[in-house]
Amino acid sequence: MVVPEVIIVLFNRDLRITDHPALHQACQDARQVVPLFVIDPAIPPRGRAGFLAECLEDLRRSLRERGADLMVRRGDVVEETMKVAAATGATAIYASGDVTARARKREGRFARENIGFQTFPGITIVPPAQLRPATGDHYRVFTPFYRAWSEIRWRPLVETPETISMPEVRPGDIPPPRRRPHLPGGEREVRRRLDLWLRHCLRDYADGHDDLAGDHTSRLSPYLRFGCVSPLELATRSGASEEFVRQLCWRDFYAQVTFAFPRINRDDYRPGRGEWRHDKEVEDAWREGMTGVPVVDAGMRQLIAEGWMHNRARLIVASFLTKTLRIDWRVGADHFEELLLDGDVANNYGNWQWVAGTGNDTRPYRMLSPVRQAKKFDKDGEYIRRYVPELENVPTATLHEPWRAPSPILGYPSPIWRG
Ligand code: FAD
C-alpha cells in the first residue's frame, strides 16, 4: 500500500484532539497532517459565533503544542479543502462522519472529487448506521434503541497524538468573537467543567435533573454540539450513572433518526397532525418571554440571557407553543436554533417534533400543563423569580398563576392563555 505523504483532517463538529478517530488515524497513516477548519459563510453562525471562535482558538493552541497548527480558511468547504489539498500535496481527506442533510451532501461532493475521502466515528457514541432494527432502516422508538445501543460493544477510545508533523502553510485567521459567549468555549474548558461535574454533581443527577432551579444537569450540551468533548469518553467516564448515559443515548437516537430522515428540520416526521395556527403577536410574546405564563416566560428569558435553557423548561415552552397554542413547531424550533449555544439539527428538531406530536413520541397527544409542571418542578418559584424579576415579590401561592392574584401585577403582562 502506498503511504500517503500528506492527509488533511477536516474539522467540523469535532473540535478536540482527545478521542478523535480521524485525527488519530491520519497521524498513523501519513507522514504529515494538515488540520483544517473551513468557515462557510453560507452557514450563518447565529448565536454560536463567539463560542465557535473560542473553540477554534483552543483547538489551535492544542495543535500548536503538538508542533502543528489549525489552518483556517473561509468559503465553500469542498472548494477550499480541495485548494488546500492542491497547495499541500495532500492525497486524502479524513473527517468525522455527520448526519445532517447538509453534512451528507458535503460528504457526497468530496466522494466525487479526485482524492481519497474517508469518514470516521466520533460525533456520536454509536455511529448512526451501526444499529438497525429487525424491520425498517432505523429505530423509531427510543426504548428498543436504548436496549440495542446498551448491549452492543462500543469502539475503544483512541489515543491523543503526542506530536503532529505538518507542512509549512499560512494558518489563516480565526474571526474574533463580536460578543463573548455566556459560556467559554473549547476543549480545555469542558475538561475543567467535566471534572468538577463528575466529582460534585453527578450523584444528584438521577433525582435532581428535572428540578428547574437546582442546576443539577451537566450543561455540557454546547461542548457536545461542537465536539469539544467526545460523547464516548463522557459515557465511559460517567458509566456509574445510568440516568446520565441514557440522556447521551437520546442524542444518538436523534442522530440516527436524522440520518434516516434528513428533512427533520422542515417536514413532519409523522404527518397528519392537522393544521397549525399563525399568529404573529402570540409568537412574538412567546419568543420574548412575555406570555404572562410565568414558567414559560422564565424559560424563554433564560434562553435570551444565556443561550441555553433547562431541559424541563424546553419541554414546557415547546408543549405550550405547539399543543396549547397550536403554533407550528417550526416557528419554535427555528427560534431555538437561532439562540441556543447547543442548537443542532438532530437534537433540536427531533425534540421539537417529539413534543409537537409529529415526531417519535409514542403518545403524540400528551400535553403538559405549564401550571402543573411549574408547581411540580419549581415548587418554590425560585427559577421563575430568577428570570422574571417583575414577579420577584409575588407570594408563591399565586406565583404560578398570577391571574388569580387579587390585583394585576405591575409591569407583568396579562396572560395570553389561562390554565
Ligand atoms: P444533561 O441532562 O446533563 O444531559 C447530558 C447530555 O445528554 C446533553 O448535553 C445532551 O447532549 C444529551 N441530552 C440530554 N437530553 C437530551 C434530549 N432530550 N435529546 C437529545 N440529547 C439529549 N439538546 C441539544 O443538545 N441541542 C438542541 O438544540 C436541543 N434542543 C431541544 C429542544 C427541545 C424542544 C427540547 C425539549 C430539548 C432539546 N434538547 C437539545 C435536549 C436537551 O434539552 C438538552 O440536551 C439539555 O437540556 C442540555 O443540557 P445539559 O447538557 O445540562 O443536559
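Since this is a predicted model, take the numbers as computed values, not measurements. Each chain has its residues counted from 1, following the order in which its sequence is written. Reporting of local features is limited, given that this is a predicted model, to residues whose pLDDT is at least 70; pairs of side-chain atoms are given and counted only at 80 or more, and all residues count toward the totals for whole chains, interfaces and linings.

Caption draft 1: Examining the environment of Ala206 more closely. A run of DSSP states H or I qualifies as a helix once it reaches four residues; a run of E qualifies as a strand once it reaches two. Both are numbered from the N-terminal end. You can see Ala206 is positioned in helix H7 (residues 202–208). Separated by 137 residues in sequence, Ala206 and Gly343 place their C-alpha atoms 24 Å apart. Contact between residues is assigned whenever the C-beta positions, reconstructed from backbone atoms, fall within 7 Å. Excluding residues that lie within four positions of it along the chain, Ala206 makes contacts with Ser241 and Glu243.

Caption draft 2: Here's a closer look at the UniProt feature "site: Electron transfer via tryptophanyl radical" (unreviewed entry) in the protein. Under the feature "site: Electron transfer via tryptophanyl radical" (unreviewed entry), the UniProt entry names Trp276, Trp329 and Trp352. Considering the C-alpha atoms alone, the annotated residues occupy 77 residues of sequence yet fold into one spot, their largest mutual distance being 14.2 Å. Here Trp276 shows up in the loop between helix H10 (242–260) and helix H11 (280–288). With 14 C-beta atoms counted inside 10 Å, the residue Trp276 sits in the partly exposed group. Examined against the element boundaries, Trp329 turns out to sit in helix H14 (residues 329–339). The burial criterion counts other C-beta atoms lying within 10 Å of a residue's C-beta, which is placed from the backbone; the residue is buried at 20 or more, exposed at 12 or fewer, and partly exposed between these limits. What makes Trp329 buried here is the crowd of 24 C-beta atoms within 10 Å. UniProt positions are given in the numbering used here, feature names are shortened, and annotations may be inferred rather than shown by experiment.

Caption draft 3: Expanded view of the site of the ligand. Each residue receives a C-beta atom placed from its backbone. It is near a molecule or strand if this atom lies within 6 Å of it. Around the ligand sit 27 residues in total, of which Thr217, Ser218, Ser221, Asn348 and Asn351 are the nearest. Every element with two or more residues in the shell around the ligand is listed here: helix H8 (221–225), H10, helix H13 (311–324) and helix H15 (345–356). Counted by class, the shell around the ligand contains eleven nonpolar, ten polar and six charged residues. When we break the shell around the ligand down by domain, the ones giving at least three residues each are domain 2 (124–155 + 188–260) and domain 3 (280–404). Under the grouping applied here, Gly and all other residues not named as nonpolar or charged are polar, the nonpolar ones being Ala, Val, Leu, Ile, Met, Phe, Trp, Tyr, Cys and Pro and the charged ones Asp, Glu, Lys and Arg. Throughout the structure description, domain borders are defined by an automatic or database domain assignment.

Caption draft 4: View of the pairing of strand S2 (residues 32–39). Across the eight residues that make up S2, a large majority, seven, are buried. Strand pairing requires that DSSP identify at least two bridges connecting the strands. Relative to S2, strand S1 (residues 6–10) is paired through five bridges, and the arrangement is parallel. Of the residues in S2, the one forming a bridge with Leu10 is Leu36. Relative to strand S3 (residues 71–74), S2 runs parallel, the two being bridged by four bridges. Bridged to Leu36 within S3 is Met71. For the crossover from S2 across helix H2 (residues 49–65) to S3, the handedness is right-handed. Look down the strands so they point away from you; if going from the first strand over the helix to the second traces a clockwise path, that crossover is right-handed.

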